Amino acid sequence: MDNPYAPARGKQVTWERVEDLRFDLGRSRVSEGPEGLGGWLILVMLGLLSTLLSALPAMRIQLAAIAGGHVAARFDSGSPVYDPLEGALVCGELLATAGIVVGILVLVGLYVAKSRWFPRGYIGLMIYVFAAQVLDHTVALGMGAIGSDEFSERLRGLVPRAVTAAIWICYMLLSKRVRNTFLH
């Protein structure tokens, strides 16, 4: 009885044939499931764009406060509104917002290019935005710019954002579409 798994007699094995028989576990796993910038990834892009559209007016307000002299007056010890911590808070908020805007613009480019760095960058941006908001509220409480009641209210407002971030981070880590689109 002939062995059905033995190579056929009379056929010569060439390197091209050997390469055709290679088994690539990583690629075979990637090909399962949906692929492309559709599905829930559309919501990811819409979320990035809506965050960008809300960050730009905040940046304009912060820049107007700096350019209008309001922040400079906070740093001037002879000014009646002297409060260097509040001026530093506005400058810190501006830098954090600028970081968010730059991060979103970079992520949009990575998204369109289907770069393998997009999921990592997106997770990093989600963590950065949440940490910046917590830090901003904590510093504002520490310097007395807000009371403890307002601080508690602001922290309660962060709970839905934390849940949203956790959901999208899990999506980036576990989604077959993300894996097939960006991690090939």
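Above: the structure in question.
Residues numbered from 1 in each chain as written. Predicted model: local features only at pLDDT ≥ 70, side-chain atom pairs only at ≥ 80, totals over all residues. Heavy atoms only, no water.

## Examining unusual backbone geometry
Next, step 1: One non-glycine residue, Lys114, lies in positive phi territory at about 55°.
Next, step 2: Checked against the element boundaries, Lys114 lands in the loop between helix H5 (84–112) and helix H6 (118–142).
Next, step 3: Lys114 sits in the partly exposed class, given a relative accessible area of 36%. (Helix = DSSP H or I, 4+ residues; strand = E, 2+ residues; numbered from the N terminus. Buried < 20%, exposed > 50% of the residue type's maximum accessible area, 1.4 Å probe, protein only.)

## A word on helix H7 (residues 148–174)
In an α-helix, one full turn covers 3.6 residues, which means residues spaced three or four apart are oriented alike.
Next, step 1: Under the 1.5 Å per step criterion, the end-to-end length of H7 is 38 Å for 27 residues, consistent within 8% with the ideal 39 Å.
Next, step 2: The complete set of buried residues in H7 reads Phe151, Leu158, Ala165, Trp168, Ile169, Tyr171 and Met172.
Next, step 3: Here the buried face of H7 lies against helix H3 (40–67), H6 and helix H8 (176–182). (Expected span 1.5 Å × (residues − 1). Contact = heavy atoms within 4.5 Å.)

## Brief notes about the packing of aromatic side chains
Next, step 1: In total, this model carries five aromatic pairs according to the counting rule given.
Next, step 2: Taking the centre distance of 6.2 Å and the plane angle of 45° together, the rings of Tyr111 and Phe182 count as tilted. With Tyr111 in helix H5 and Phe182 in helix H8, this pair connects stretches of sequence that are 71 residues apart.
Next, step 3: Taken together, the aromatic side chains of Tyr111, Phe118, Tyr122 and Phe182 make up a single cluster linked through ring pairs.
Next, step 4: Across from the ring centre of Trp117, 4.8 Å away, lies the NZ or CZ of Arg120, which sits over that ring. (Phe/Tyr/Trp six-rings, centres within 6.5 Å; stacked < 30°, edge-to-face > 60°. Lys NZ or Arg CZ within 6 Å of the ring centre and 35° of its normal.)

## Brief notes about the nonpolar core
Next, step 1: Core analysis: the biggest nonpolar cluster contains 26 residues, and Leu41, Val44, Leu48, Phe118, Tyr122, Tyr171 and Met172 have the highest contact counts within it.
Next, step 2: Looking at this core element by element, the count peaks at seven residues for H3.
Next, step 3: For Leu41, the contacting residues outside a window of four places in its chain are Gly36, Tyr111, Tyr171, Met172, Arg177, Val178, Thr181 and Phe182.
Next, step 4: Grouped together as the second largest cluster of nonpolar side chains are five residues, Leu89, Ala140, Met143 and Ile146 included. (Core = buried A, V, L, I, M, F, W, Y, C linked by side-chain atoms within 4.5 Å.)

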